[in-house]
Amino acid sequence: MTIIITDLDVRRLLPMRECIDAMRVAFREFAAGEAVNRPRMRYLAKHPDPDRRYMANVHVGAVPSSGIACVRAGSQIMRPATAARERRTYENPQAFNWGFVILFSIESAEPLALLHEFELSGMRVGATTAVAVDAIARPDAHTLGLFGTGKQARNALEAIALVRPVDRVNVYSPNAEHRTALARDLSRDGLVVTAVEDARAAVRDADVVCCATSAMKPVFDGDWLEDGQIVVSIANSDVTNKRSEVDRRTYQRARCVIVNDWESVIDNDQTELLDPIKDGVIGRDRVHELGELLNGTVGVKQEPRGGLKDGIIYYKNNSGLAIQFAAAGGVLYRKAMAEGSNKVIPTEWLGSDLSAYYKAGFRPSP
């Protein structure tokens, strides 16, 4: 039988710490040439309403150690950004996210599970940020400047706090109600989250400046950055959309830029990085992949307090990868099977019966 793993199951079965561990495995295997990933593919199609577009979001890849290959298929109705409306919005007619990940067995090629994508999508972004921060940040990094107040920002804070002793967070959003609510919801013993009234206050004195927003344009001025800081962003361009959370000055001040996958930079036409390289703002030799840090082929570390070098370290969480879903999906599948799932469908419903061909000695291709 093939099981269905829902968003509720993801929240229940996958603690953030285990998601972080899964991301670390995925990127190490990717750097070693064992995990397989193709850059994500997105496209827009004409919609009956001229102010809207249909949008597809597809990832494919495999992590052999998890035993999983996967296809992520996201399906959305989107209202593009305009001169009058700065940000694109997603407006499915029903209040549902129509997206899932098919988990295939590498051993048998059978579909093992259909996995809701929404909850895991936010978790794996935050978990991957935590993997990068853990690889780069000094052990005593404890202050966080946070831009954003939605799902991605909350996941980023949760994940970073698991790899460093975060005790102070200054959060900024243009929406005062949202930043106040996040500070109220996430403050606890040992963690003070303060809603600040301007973007510069979020940057000031932070060990890590983390941008987790839906912004189309830079959310702070790169001149505000302080030497020795780590900057993280998750907003990236693709062939359907041009956006960046950081400005060119941030690239100028970066000692190096870390990305998840250089092939995705090229394939997704991420001009916010490609143009500074083309213009000589930062050399291509100073751009490294996250897996290279994890495997020790590249050494990038935040300087100790009091010994800060000029410039900052910029981690551009530049693309979602299928290997993230495969690695975490393997954890989820094994846990769901161990406890027993009542959300099942016959596996044969998802395949074509070729027994007559096999009996006749043929092995037809798909």
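Structural notes, computed from the coordinates. (Residues numbered from 1 in each chain as written. Predicted model: local features only at pLDDT ≥ 70, side-chain atom pairs only at ≥ 80, totals over all residues. Heavy atoms only, no water.)

Some points on the environment of Arg 38
Working step 1: Of note, Arg 38 is situated in strand E2 (residues 36-46).
Working step 2: Among the residues examined, Arg 38 registers a relative accessible area of 42% and is labelled partly exposed.
Working step 3: Here the alpha-carbon distance between Arg 38 and Asp 261, two residues 223 residues apart in the chain, equals 9.7 Å.
Working step 4: Not counting the four nearest positions on each side in its chain, Arg 38 is found in contact with Val 60 and Glu 263.
Working step 5: Among the polar contacts listed, one links the side chain of Arg 38 to the side chain of Glu 263, at a separation of 2.6 Å. (Helix = DSSP H or I, 4+ residues; strand = E, 2+ residues; numbered from the N terminus. Buried < 20%, exposed > 50% of the residue type's maximum accessible area, 1.4 Å probe, protein only. Contact = heavy atoms within 4.5 Å. Polar contact = N/O pair within 3.5 Å; in protein donor to acceptor, adjacent residues only side chain to side chain.)

With respect to the pattern of salt bridges
Working step 1: On inspection of all chains with the given rule, the structure shows 25 salt bridges.
Working step 2: The closest approach of N and O atoms between Arg 42 and Asp 238, which form a salt bridge, is 2.5 Å. In this pair, Arg 42 is assigned in strand E2 and Asp 238 in the loop between strand E12 (230-233) and helix H7 (248-253), connecting sequence segments 196 residues apart. For the residue pair Arg 42 and Asp 238, the accessibility class agrees, reading buried in each case.
Working step 3: As a salt-bridge pair, Arg 138 and Asp 140 come within 3.4 Å of each other at their nearest N and O atoms.
Working step 4: Residue Arg 138 is classed as buried on the basis of its relative accessible area of 7%.
Working step 5: Here Asp 140 falls in the partly exposed class, since its relative accessible area comes to 37%.
Working step 6: Each of Asp 9, Arg 12, Glu 339 and Lys 343 takes part in one network of salt bridges that share partners. (Salt bridge = Lys/Arg side-chain N within 4 Å of Asp/Glu carboxyl O.)

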